[in-house]
Amino acid sequence: MAKIMEGKRLAEEIKSNVKQKVEMLGGMGIEVGLALMLVGDNLSSKQYLSATLKACKSTDITPYEYRFPESVSMNELLNTVHAINNDERIHGLLVFFPLPRRINSRKIVNSILPEKDVDGLGSIPIGKFAAEESTLQLYSKQYDPAVTQHLGFLPCTPFGVIRLLEYYNVEIKGKHAVVIGKSLAVGKPLSLMLLTKEATVTVCHRETKNLADITRQADILCAAAGRPNLITGDMVKDGVVVVDIGINVLENSHVVGDIDFDSVSKKASLITPVPGGVGPVTIAMLLENTVKSAKARI
Ligand SMILES: NC(=O)c1ccc[n+]([C@@H]2O[C@H](COP(=O)([O-])OP(=O)(O)OC[C@H]3O[C@@H](n4cnc5c(N)ncnc54)[C@H](OP(=O)(O)O)[C@@H]3O)[C@@H](O)[C@H]2O)c1
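Parameters and conventions
Residues numbered from 1 in each chain as written. Predicted model: local features only at pLDDT ≥ 70, side-chain atom pairs only at ≥ 80, totals over all residues. Heavy atoms only, no water. Helix = DSSP H or I, 4+ residues; strand = E, 2+ residues; numbered from the N terminus. Rg over C-alpha atoms; globule rule 2.2 N^0.38 Å. Buried < 20%, exposed > 50% of the residue type's maximum accessible area, 1.4 Å probe, protein only. Contact = heavy atoms within 4.5 Å. Phe/Tyr/Trp six-rings, centres within 6.5 Å; stacked < 30°, edge-to-face > 60°. Lys NZ or Arg CZ within 6 Å of the ring centre and 35° of its normal. Near = heavy atom within 4 Å. Polar contact = N/O pair within 3.5 Å; in protein donor to acceptor, adjacent residues only side chain to side chain. Areas by Shrake-Rupley, 256 points an atom, 1.4 Å probe, with all protein chains shown as cover. Nonpolar A, V, L, I, M, F, W, Y, C, P; charged D, E, K, R; others polar.

## Focus on the overall build of the protein
Summing up its helical and strand segments, the protein has 12 helices and 11 strands in all. A globule of 298 residues ought to have a C-alpha radius of gyration of about 19 Å, and the protein, at 19 Å, matches this closely. Over its C-alpha atoms, taken along the principal directions, the protein stretches across nearly 55 × 40 × 35 Å. Relative to its full complement of 298 residues, the protein shows a buried share of 51%. Taking the intrachain contacts of the protein between residues at least 6 apart in sequence as the baseline, contacts between residues at least 24 apart amount to 72%.

Next comes the structure, spelled out in structure tokens:
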């Protein structure tokens, strides 16, 4: 039976460190502020927003909420991002996805100043990361704010996965890591990070043939497809380390991941639960990036 990788525990440690830094900055007259932009009524975005607000409260970060109806115009959103970019009280902006289809999400994300792009999903931080400049941060135990200022922030969810693997002393170098999903927010940056850590990486997506043949080869399996119970026990090998990034809200309001926990946990050596795995670490990373952004401005 697998040992559970408790994301909640790591998240609490990161948040307590964040809180200390927020207090330190408070002593210098700096209040750390995070803007949160939500459009429409997407259930999982609303859950993510309320968890983020709770985490802000526990770390004394001041949240600034920007909520818009589904009908909001592109122009209104762009104007709001520009106002946030110029607002000295705010050190980071998180935009909740998905945005309505008629809104150009990339244009919105790319209008965030890189130094306030604490979710690290703009083309500049992603490009810098892909060019391997900011991979330095993957190795820096201090996660130095000066380094971050120069290189941009690493995307929260994939970097959270790396931090969780490190927290549980999972050897990445030389292992076969299989990532399911190739989105810009999760799968693609995660595969790059695992590659930086010298894993042999296979990335799967909807067009991948014989998914099970590939997942059975994984030493480390990371699922970010958004498909409930996509991976079952017969699709993994004994001893695999499993990270379930998927968050799927079922009709009965239950939240499940992409991994069939009951069958896979019988074979895995380590596994993340959903909820309580990657989700809390993602939020903690967001707050860590926000405080780094505030520190970089001293
Ligand atoms: N835990 C957290 O903090 C956190 C943070 C962000 C996202 N999430 C969750 O992670 C999941 C993925 O998020 P995302 O933003 O990356 O979603 P996304 O943009 O919809 O991307 C999903 C990816 O999975 C692939 N995929 C879908 N069905 C598949 C299948 N049956 N077999 C193989 N690949 C499949 C897609 O392939 P194609 O590219 O071919 O379409 C795509 O690359 C969602 O459940 C989301 O809620 C969790």
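Right, picking up where we left off after that structure.
## Things to note about the environment of A268
With respect to the helices, strands and loops of the structure, A268 is situated in the loop between helix 11 (261-264) and strand 11 (270-271). Along the backbone, A268 and A83 are 185 residues apart, and their C-alpha atoms lie at a distance of 48 Å. Dropping the residues within four chain positions of it, A268 is found in contact with M1, A2, G239, V240 and V242.

## Looking at the packing of aromatic side chains
Tallied over the entire structure, the rule returns two aromatic pairs. With a centroid separation of 5.1 Å and 90 degrees between ring planes, the pair formed by Y48 and F96 is classed as edge-to-face. Taken together, the positions of Y48 in helix 2 (residues 43-59) and F96 in the loop between strand 4 (92-95) and helix 4 (105-110) put the pair 48 residues apart, joining distant regions of the chain. Classification of Y48 by relative accessible area gives partly exposed; the value is 26%. Note on F96: relative accessible area 2%, which makes it buried. With centroids separated by 5.3 Å and ring planes inclined at 80 degrees, the aromatic side chains of Y167 and Y168 adopt a geometry described as edge-to-face. Taking relative accessible area as the criterion, Y167 reaches 23% and is therefore assigned partly exposed. Since its relative accessible area comes to 12%, Y168 is described here as buried. If you follow R163 out to its NZ or CZ, it ends over the ring of F159, 5.5 Å from the centre.

## Observations concerning the site of the ligand
If you check the shell around the ligand, you find 20 residues, and the closest are K182, S183, R206, I247 and T282. Residue I245 places a main-chain N or O atom 3.3 Å away from a nitrogen atom belonging to the ligand. Between T282 and the ligand, the recorded distance is 2.7 Å, taken from a side-chain N or O atom to an oxygen atom. Surface burial for the ligand is 73%, taken as the share of its 930 Å² of free accessible area covered by protein chains. By residue number, the principal contributor to the shell around the ligand is helix 12 (residues 278-296), which donates three residues. Split by residue class, the shell around the ligand holds eight nonpolar, nine polar and three charged.

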